[in-house]
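Observations on the model geometry
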Amino acid sequence: MIWRIFIRRQMIFSTLFPVLFLVFSGLNASAQDFPARPIKIITPFAPGGVSGVIWHSMSESMSKVLGTPVVVENRPGGGTTLAYSLIASAKPDGYTVGHISFGFINTYLAYDVGYHPQKSYTYIGGVWRYNESVAVRSDAPWNTWDEFIDYSRKHPNEIRVGFSNPIGVNVAPVKWAAQKSEVKWKQVVFQSEAECITALLGKNIEAFPGAGVVHTLLRDGRAKMLLALTIDPIPGYPHVPTFKEVYGMTALNAGGLIGPAEIPEPIVKKLGTALQEGIKDPAFQKTLEKVGAIPRWRNSKDFYQDVENALSNSRQFLKDLGLLKANK
Amino acid sequence: MPINLFFCFLGVLIGTLVGVLPGVGPVAAMALLLPATFHISPVSAIIMLAGIYYGAMYGGSTTSILVNIPGEAASVITCLDGYQMARKGRAGPALGMSAFGSFIAGTAGVLILMLVAHPMAEFVLKFGPPEYFSVMVLGLTVLIYLAHESRIKAFIMACFGLILSFIGIDVLTGQHRLNLGWMELADGVGLVPLIMGIFGISEVLINMEHMVKQEIYETKISGLFPSKKDWADSKWPILRGTLLGFFLGLLPGGGPAIASFASYAIEKKISRHPEKFGTGIIEGVAGPESANNSATAGGFIPLFLIGIPTNGILAMLFSALLIHGMQPGPLLLKEHPDIFWGTIMSMYIGNIMLLVLNLPLIGMWVKILKIPYQILFPLILFFCLIGSYSINNNAVDVIIMLIFGLVGYFMRKFHYEGAPLILAFLLGPMLERSFIQSLNMSGGTYKIFFERSVSAVTMVVALSVVLSALIPSFRKRGSKK
């Protein structure tokens with residue numbers, strides 16, 4: 001019997017070692033050789049959408065650094081969930097990665113989706129932050145958020161506030177703030193930020209939260225900013241209070257690169273370096289400016305922290321608004 | 001920019017070609033080429049697609065006159081007098097007048113467009129959800145009212161289109177609905193696969209059944225330039241056609257096909273010799289051909305400035321604008337002046353290109369008509385399959401297209417029009433959204449649609465259109481008793 005066990009043990013070792021060796025050497029080889037073929041960045045929006053524009057611009061510098069083509073693939077569908085599920089189920093070899101912006105957290109919290117923000121992904125790096133803010137027309141009688149809220153409280157159901165979607169990262173905090181400040185608005189849900197802008201200028205709504213306004217409306221004086229939906233002040237608007245200052249909660253919409261869970265560390269590092277190089281490119285920074293965002297580098301760990309933080313804040317917003325899906 | 005000139009040329013060339021070929025219309029062609037435009041600049045893409053639109057209006061008339069087969073819907077009426085002229089040996093002047101008439105009307109349409117764009121954009125900016133809702137209601141009502149065959153059938157098709165448009169994500173709450181548990185349908189049915197199915201695949205199926213006889217009327221085309229008398233006869237029809245066409249182009253549900261029919265009807269009514277219409281007189285060609293071209297220009301106003309496409313072709317341009325990251329609407333003029341004025345300029349140049357292109361190339365177009373359908377139709381089918389797949393690289397779109405190909409086939413068999421379906425499908429989400437938004441704004445009362453002047457007037461017009469359609473049928477029923 002002892003002899004038999006011995007044999008078996010030997011067999012186990014003799015087979016295990018080569019296998020382990022192959023696995024590790026294979027891993028090492030793939031990490032060292034990375035990237036050996038083109039890298040694909042999946043974005044959840046149709047061609048021409050904001051994320052596509054950003055990644056097209058970024059992919060050029062990335063391919064220069066990595067020495068391999070980086071291509072952007074648009075996979076719209078299921079209201080972004082198709083792409084996010086695709087990324088989650090891709091092979092964790094670093095060749096299939098994807099765009100993320102924090103809207104995916106709210107989508108996860110409110111609907112049935114095929115991914116889990118904490119379990120499904122490797123967070124490669126945070127690249128930008130949107131300058132989300134609440135804006136009103138420049139001829140509006142309110143100059144501060146306090147005045148706006150004060151007026152709203154005294155005139156319930158008079159102010160019309162537009163939203164570019166039902167539960168997004170720039171929508172939930174504002175709806176929550178209204179609840180917290182005990183004000184009643186007429187809430188009008190539009191399809192996109194562009195539609196909100198049109199409605200604001202056409203005097204069909206009085207205010208709306210969005211990122212693009214900074215670029216399109218505030219600069220030429222057609223609108224003014226009342227509240228920054230960010231953690232630190234928006235560049236150029238130091239006196240506008242942030243959501244954090246007013247309500248003590250974090251409102252943040254950031255964007256970056258993710259991949260399926262368990263991408264080997266060295267590959268994450270390499271991709272991260274490429275992202276950091278890409279952020280320095282003036283052309284990329286100009287692209288960000290156009291979509292109402294600023295560069296904000298976050299390494300793998302920090303970015304994951306941001307996501308966890310946003311997750312707990314969004315959970316609170318949606319819970320108080322009664323929009324949280326059970327068990328989330 | 002030379003590159004845009006090239007795409008303009010490419011657009012009008014393809015447009016003329018699909019206008020000539022009876023199997024493919026401009027809608028299917030634009031649907032096919034839409035994915036290809038992802039890789040060029042938005043301005044070039046819109047210029048090319050717009051070129052296909054007005055190019056097809058030119059091309060369609062060529063086959064109407066020479067072969068009595070209308071290349072596309074807007075040229076149907078041209079068959080009446082155009083073909084008769086050809087049989088009388090006057091194919092040349094008929095083709096010539098149709099080209100000149102189109103050119104004059106197209107140019108005039110562009111000029112009017114340039115004049116009204118800015119004031120119009122200012123006016124439309126005041127449009128809120130209630131106005132959008134009323135304008136779309138009016139559009140769908142007029143579309144059904146003007147139906148070629150039966151209003152009831154058009155109404156059924158519009159309802160079918162609306163139901164299809166509800167598939168996907170609820171606009172207000174974000175909940176999934178009507179997708180039968182199919183995640184692929186979460187974004188609803190795609191416009192391009194739907195159009196390709198209903199207009200492309202069904203065309204192939206119908207033609208396989210018919211085995212169209214390809215008889216080209218062999219006629220000598222001599223002297224394309226119309227005579228002095230022709231000009232004298234045509235100048236007023238061209239002018240009337242231009243104005244009428246532009247106006248009908250503005251209306252949701254209007255568009256080139258209806259403009260050409262209306263122009264022919266008016267010319268016949270006010271003519272001193274209405275009995276001669278249909279025997280091959282030049283007024284019957286000049287009026288409708290002008291009207292369909294200026295209607296094309298007119299249609300750009302609601303598309304660019306209001307953000308409401310008024311027919312299937314403009315719907316394709318609408319989704320092209322969205323795909324390239326532009327929101328059609330009153331702010332387009334301000335935010336993307338290059339797109340707006342670039343397209344307008346290209347239309348101006350495109351009209352000149354078409355004139356130059358069409359006069360000498362008519363012989364070639366006739367030759368293309370001789371391509372046997374055994375080759376042509378498999379090719380169309382092939383391109384439809386590739387085209388629908390390449391939009392999202394998704395096989396579901398191909399399946400959707402094939403299903404609607406069958407649906408479209410039966411629709412044709414039973415004389416149901418595709419246009420109300422497509423337009424209702426397209427306007428459906430906007431209609432629903434503006435309705436809910438209006439009610440959000442009003443706090444739940446329907447009064448908002450009648451409190452605001454533009455909306456109230458539009459609603460009253462829509463209601464009177466419905467009444468004027470219903471009253472005659474009530475009377476008929478009454479007289480039967």
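Parameters and conventions
Residues numbered from 1 in each chain as written. Chains lettered and ligands numbered in written order. Predicted model: local features only at pLDDT ≥ 70, side-chain atom pairs only at ≥ 80, totals over all residues. Heavy atoms only, no water. Helix = DSSP H or I, 4+ residues; strand = E, 2+ residues; numbered from the N terminus. Contact = heavy atoms within 4.5 Å. Areas by Shrake-Rupley, 256 points an atom, 1.4 Å probe, with all protein chains shown as cover. Rg over C-alpha atoms; globule rule 2.2 N^0.38 Å. Salt bridge = Lys/Arg side-chain N within 4 Å of Asp/Glu carboxyl O. Buried < 20%, exposed > 50% of the residue type's maximum accessible area, 1.4 Å probe, protein only. Pairing = 2+ DSSP bridges. Patch = residues over 30% accessible without salt bridge, like charges linked within 9 Å, V, L, I, M, F, W, Y side chains within 5 Å. pLDDT = per-residue confidence, 0-100. Expected span 1.5 Å × (residues − 1). Bend = angle between axes of the 7 residues up to and from the residue. Axes fitted to C-alpha atoms, helices over the stretch in contact; angles between N-to-C directions. Parallel < 35°, antiparallel > 145°, perpendicular 65-115°, else oblique. Left-handed = near helix turned anticlockwise from the far one by under 90°. Nonpolar A, V, L, I, M, F, W, Y, C, P; charged D, E, K, R; others polar. Phe/Tyr/Trp six-rings, centres within 6.5 Å; stacked < 30°, edge-to-face > 60°. Lys NZ or Arg CZ within 6 Å of the ring centre and 35° of its normal. 1 Å grid on protein atoms, 1.4 Å probe; cavity = no way out; pocket = protein on both sides within 12 Å on 5 of 7 lines; lining within 4 Å. Points joined across faces, edges and corners; volume = space filled by probe spheres on them.

1. Observations concerning the overall build of chain A
Tallying secondary structure elements over chain A gives 12 helices and 11 strands in all. A sequence separation of at least 24 residues applies to 77% of the contacts in chain A between residues at least 6 apart. Carbon and sulfur atoms make up 56% of the accessible area of chain A, which amounts to about 14,600 Å² in all.

2. Overview of the overall build of chain B
Secondary structure summary: chain B contains 19 helices and two strands in total. In terms of C-alpha radius of gyration, chain B reaches 22 Å, essentially the compact-globule figure of 23 Å for 481 residues. In terms of its C-alpha atoms, chain B occupies a principal-axis envelope of roughly 70 × 55 × 50 Å. Here the analysis covers contacts within chain B between residues at least 6 apart in sequence; of these, 78% occur between residues at least 24 apart. Working note: accessible area of chain B is about 19,600 Å², and carbon and sulfur atoms make up 71% of it.

3. A word on the interface of chain B and chain A
Of the residues lining the interface, 32 residues belong to chain B; the matching set on chain A comes to 27 residues. Where chain B touches chain A, the interface holds two salt bridges. A salt bridge links arginine 433 of chain B to glutamate 195 of chain A; its shortest N-O distance comes to 3.1 Å. It is helix H17 (residues 419–442) of chain B that provides the largest number of residues to the side of chain B that touches chain A, a total of five residues.

4. Concerning the pairing of strand S3 (residues 96–101) of chain A
All names here are of chain A. Along S3, six of the six residues are buried, which leaves the element largely enclosed by surrounding structure. Summarising the sheet, strand S1 (residues 39–43) and S3 pair through three bridges and their orientation is parallel. Considered in S3, the bridge of lysine 40 is made with threonine 96.

5. Re a nonpolar patch on the surface
All names here are of chain B. Among the surface-exposed residues, Leu111, Met114, Met345, Tyr348, Ile352 and Val356 lie close enough to one another that they form a single nonpolar patch of about 510 Å² accessible area. The element that contributes the greatest number of residues to the nonpolar patch is helix H14 (residues 337–368), accounting for four residues. Locating valine 356 in the fold gives a position in helix H14. For valine 356, a relative accessible area of 55% gives the class exposed.

6. What about the pattern of salt bridges?
Under the counting rule described, the total for this entry stands at 22 salt bridges over all chains. Connected through shared salt-bridge partners, Lys40, Glu73 and Arg75 of chain A make up one network.

7. With respect to the confidence of the model for chain B
For chain B, per-residue confidence averages 84 on the pLDDT scale, and 93% of positions sit at 70 or higher. Note on the complex model: pTM 0.77, ipTM 0.71.

8. A look at H14 of chain B
Here H14 of chain B is 32 residues long, yet its end C-alpha atoms lie only 38 Å apart, well below the 46 Å a rise of 1.5 Å per residue gives. The sharpest bend along H14 of chain B measures roughly 65° and falls at leucine 361 of chain B.

9. Looking at the side chain of serine 234 of chain B
All names here are of chain B. Note that serine 234 resides in helix H9 (residues 228–250). Taking relative accessible area as the criterion, serine 234 reaches 0% and is therefore assigned buried. Apart from residues lying up to four places away in sequence, serine 234 is in contact with Met97, Ile282 and Ala286.

10. Overview of the sheet that holds S3 of chain A
All names here are of chain A. Judged by pairing direction, the sheet is mixed, and its six strands sit side by side in the order S2-S1-S3-S10-S4-S11 without closing on themselves. Edge strands, defined here as strands with exactly one partner in the open sheet, are strand S2 (70–74) and strand S11 (293–298). Each neighbouring strand pair of the sheet contributes to a mean axis angle of 30°, computed without reference to strand direction. Contacting S3, strand S4 (121–130), strand S10 (254–260) and S11, helix H12 (residues 300–321) runs over the sheet at an angle of about 75° to S4.

11. Here's the deal with the packing of helix H2 (residues 50–66) of chain A against helix H10 (residues 265–280) of chain A
All names here are of chain A. Closest axis-to-axis distance for the H2/H10 pair is 8 Å, and the angle between their directions is 120°. Judged by the angle between their axes, H2 and H10 are oblique. In this structure, H2 meets H10 at a crossing whose hand is right-handed. For the pair formed by H2 and H10, the contact residues are Trp55, Met58, Ser61, Met62, Val65 and Leu66 on the first element and Lys270, Leu271, Ala274, Leu275, Glu277, Gly278 and Ile279 on the second. Taken together, the residues of the contact of H2 with H10 sort by class into nine nonpolar, two polar and two charged.

12. A few points about the confidence of the model for chain A
Residues and elements named next belong to chain A. On average, chain A scores 87 in pLDDT, and the residues at 70 or more come to 89%. Ignoring residues within four places in sequence, the model shows residues 1–14, a span with pLDDT below 50, making one contact including any to other chains. This stretch, residues 16–29, has a pLDDT under 50; its non-local contacts, to residues over four places away or in other chains, come to three contacts.

13. Side note on the packing of aromatic side chains
Scanning the model with the defined rule gives 39 aromatic pairs over all chains in all. Centre to centre, the rings of tyrosine 53 of chain B and phenylalanine 300 of chain B are 6.2 Å apart; their planes meet at 50°, and the pair counts as tilted. Within this pair, whereas tyrosine 53 of chain B is found in helix H3 (residues 42–67), its partner phenylalanine 300 of chain B is found in helix H11 (residues 283–306), the two being separated by 247 residues in sequence. Taken individually, tyrosine 53 of chain B and phenylalanine 300 of chain B each receive the classification buried, so the pair is uniform in this respect. Aromatic rings pair up to connect Tyr84, Phe102, Phe104, Tyr108, Tyr115, Tyr121, Tyr123, Phe303 and Tyr304 of chain A into one cluster. Taking the ring centre of phenylalanine 163 of chain A as reference, the NZ or CZ of lysine 175 of chain A above it sits at 5.4 Å.

14. Looking at the environment of alanine 108 of chain B
Structurally, alanine 108 of chain B is set in helix H5 (residues 91–125). Each C-alpha atom of the pair alanine 108 of chain B and serine 290 of chain B lies 9.9 Å from the other, and the pair is 182 residues apart in sequence.

15. Details of empty space enclosed by the protein
Any space left empty among the atoms is revealed by the rolling of a water-sized probe across them. Residue and element names in this part refer to chain A. Scanning all chains against the criterion turns up four cavities of 30 Å³ or more. Considered as a void within the structure, the largest cavity measures approximately 70 Å³ in volume. As for the largest cavity, its lining consists of Asn106, Val169, Pro173, Thr250, Ala251, Leu252, Ala310, Asn313, Ser314 and Phe317. Among the elements that line the lining of the largest cavity, the one with the most residues is H12, at four residues. Residues that form the lining of the largest cavity fall into these classes: six nonpolar, four polar and no charged.

16. Examining the environment of glutamine 32 of chain A
Residue and element names in this part refer to chain A. By the secondary structure assignment, glutamine 32 is in helix H1 (residues 2–33). The exposure class of glutamine 32 is exposed, given its relative accessible area of 62%. Residues glutamine 32 and proline 266 lie 234 residues apart in sequence; the distance between their C-alpha atoms is 7.8 Å.

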